[in-house]
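Observations on chain architecture
The chain contents come next:
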Amino acid sequence: MKPKKIFFAPLDWGLGHVTRILPLIRRFLKQGDQVYVATCGRALELLKKETPGCVFLDFPQYPIRYPRGKYFVTRFMFVTYPQMLLAMWREKQALRQLQQQYQFDLIISDNRFCIN
């Protein structure tokens, strides 16, 4: 059986998303599949340490910052939210290019918005 190309995109806000997919990544690696992982920061560092057999791709962090003060909702809606939408759109474009390049057999996202 031909090895499959599996793409994982866990969110990097803390390590919960990464630790949740870690058993799946290990299982695919054990089966002899080629695993690609796209994340950043501490999540990327942990996965590089725990699953060195993967191909790692550095996806940028979402530009989320929660404004302080009494105008939280207004600032969030007019500053942070548009930045998030732009980041999601860019991530989606990056995934389309990666899919054309690598032809993944399976794409798994844990709370990243690159997949619809």
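Structural notes, computed from the coordinates.

1. Topic: the environment of A38
Turning to its location among the elements, A38 is positioned in strand β2 (residues 34-39). Among the residues examined, A38 registers a relative accessible area of 0% and is labelled buried. Separated by 31 residues in sequence, A38 and F7 place their C-alpha atoms 7.6 Å apart.

2. Digging into the side chain of T51
Considering the arrangement of structural elements, one finds T51 in the loop between α2 (41-50) and β3 (55-58). Classification of T51 by relative accessible area gives buried; the value is 2%. A distance of 2.7 Å separates the side chain of T51 from the backbone oxygen of L47, its partner in a polar contact. If sequence neighbours within four positions are ignored, T51 has contacts with L22, I25, R26, L29 and F56.

3. Details of the packing of aromatic side chains
Throughout the structure, instances matching the rule amount to five aromatic pairs. Among the aromatic residues, ring-to-ring pairing joins F7, Y36, Y102 and F104 into one connected group.

4. A few points about the pairing of strand β1 (residues 5-10)
Among the six residues of β1, five are classified as buried, and the element is accordingly described as predominantly covered. Two strands pair when backbone bridges link them, and β1 and β2 are joined in this way by four bridges, in the parallel orientation. Bridged to F7 within β2 is Y36. Where the polypeptide runs from β1 across helix α1 (residues 16-30) and back to β2, its parallel neighbour, the crossover connection is right-handed. As paired elements, β1 and strand β4 (residues 106-110) share five bridges and run parallel to each other. From the neighbouring strand, P10 faces β4, where its bridge partner is D110.

Thresholds applied
Residues numbered from 1 in each chain as written. Predicted model: local features only at pLDDT ≥ 70, side-chain atom pairs only at ≥ 80, totals over all residues. Heavy atoms only, no water. Helix = DSSP H or I, 4+ residues; strand = E, 2+ residues; numbered from the N terminus. Buried < 20%, exposed > 50% of the residue type's maximum accessible area, 1.4 Å probe, protein only. Polar contact = N/O pair within 3.5 Å; in protein donor to acceptor, adjacent residues only side chain to side chain. Contact = heavy atoms within 4.5 Å. Phe/Tyr/Trp six-rings, centres within 6.5 Å; stacked < 30°, edge-to-face > 60°. Pairing = 2+ DSSP bridges. Right-handed = clockwise from strand over helix to strand, strands pointing away.

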